[in-house]
Amino acid sequence: QVQLVESGGGLVQTGGSLRLSCAASGRTFSSYGMGWFRQAPGKEREFVAALSWSGGNTYYADSVKGRFTISRDNAKNTVYLQMNSLKPEDTAIYYCAARVGPRILDGYDYWGQGTQVKT
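The rules behind the values
- Residues numbered from 1 in each chain as written.
- Predicted model: local features only at pLDDT ≥ 70, side-chain atom pairs only at ≥ 80, totals over all residues.
- Heavy atoms only, no water.
- Helix = DSSP H or I, 4+ residues; strand = E, 2+ residues; numbered from the N terminus.
- Rg over C-alpha atoms; globule rule 2.2 N^0.38 Å.
- Buried < 20%, exposed > 50% of the residue type's maximum accessible area, 1.4 Å probe, protein only.
- Pairing = 2+ DSSP bridges.
- Axes fitted to C-alpha atoms, helices over the stretch in contact; angles between N-to-C directions.

(A) Quick peek at the overall build of the protein chain. Assigned secondary structure in the protein chain consists of 0 helices and 11 strands. Listing every helix and strand of the protein chain by position from the N terminus yields β-β-β-β-β-β-β-β-β-β-β. For a compact globule of 119 residues, the expected C-alpha radius of gyration is about 14 Å, and the protein chain comes in at 13 Å, within 12% of that figure. Over its C-alpha atoms, taken along the principal directions, the protein chain stretches across nearly 35 × 25 × 25 Å. For the protein chain, with 119 residues in total, the buried portion stands at 46%.

Below, the structure written as structure tokens:
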């Protein structure tokens, strides 16, 4: 069982930056692949970014590639999403998720409660 708690959301001007954090409980955090998703008002949840258990492999949605960076610190049981050059269309609730299997788009087993980002 993994519990995930996101933080770092807020209101930021267009072109600004935010760093989201996701703190995970449990001693097996380093064995999970991690991902970030977002859901804008009136829209379905969409994939944003993901990385492997080691952090060696990263994946991004085309809409955020080059602006967002996902990373993890297994010693701190935390995954991050650095968001630069934010746009109004980045406004959404951002969710952290953890997966056991290899499916980076839809194979997540645990979810956080979300943190609001508004640009």
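And the narrative resumes.
(B) Just the pairing of strand β8 (residues 78–83), in detail. With 5 of 6 residues buried, β8 lies mostly within the body of the structure. When strand β3 (residues 18–24) meets β8, the two strands line up antiparallel, connected through 6 bridges. Pairing of serine 21 across the sheet is with tyrosine 80, part of β8. Across 6 bridges, the pairing between strand β7 (residues 68–73) and β8 is antiparallel. Each bridged residue has a counterpart across the sheet, and for phenylalanine 68 the counterpart in β8 is methionine 83.

(C) Quick look at the sheet that holds β8. Read from one edge to the other, the open sheet built from 4 strands follows the order β1-β3-β8-β7, with strand pairing classed as antiparallel. The open sheet has two edge strands with one neighbour each: β1 (4–7) and β7. Sheet twist, expressed as the mean angle between neighbouring strand axes with direction ignored, is 15°.

The values are spatial; any link to function lies outside them.
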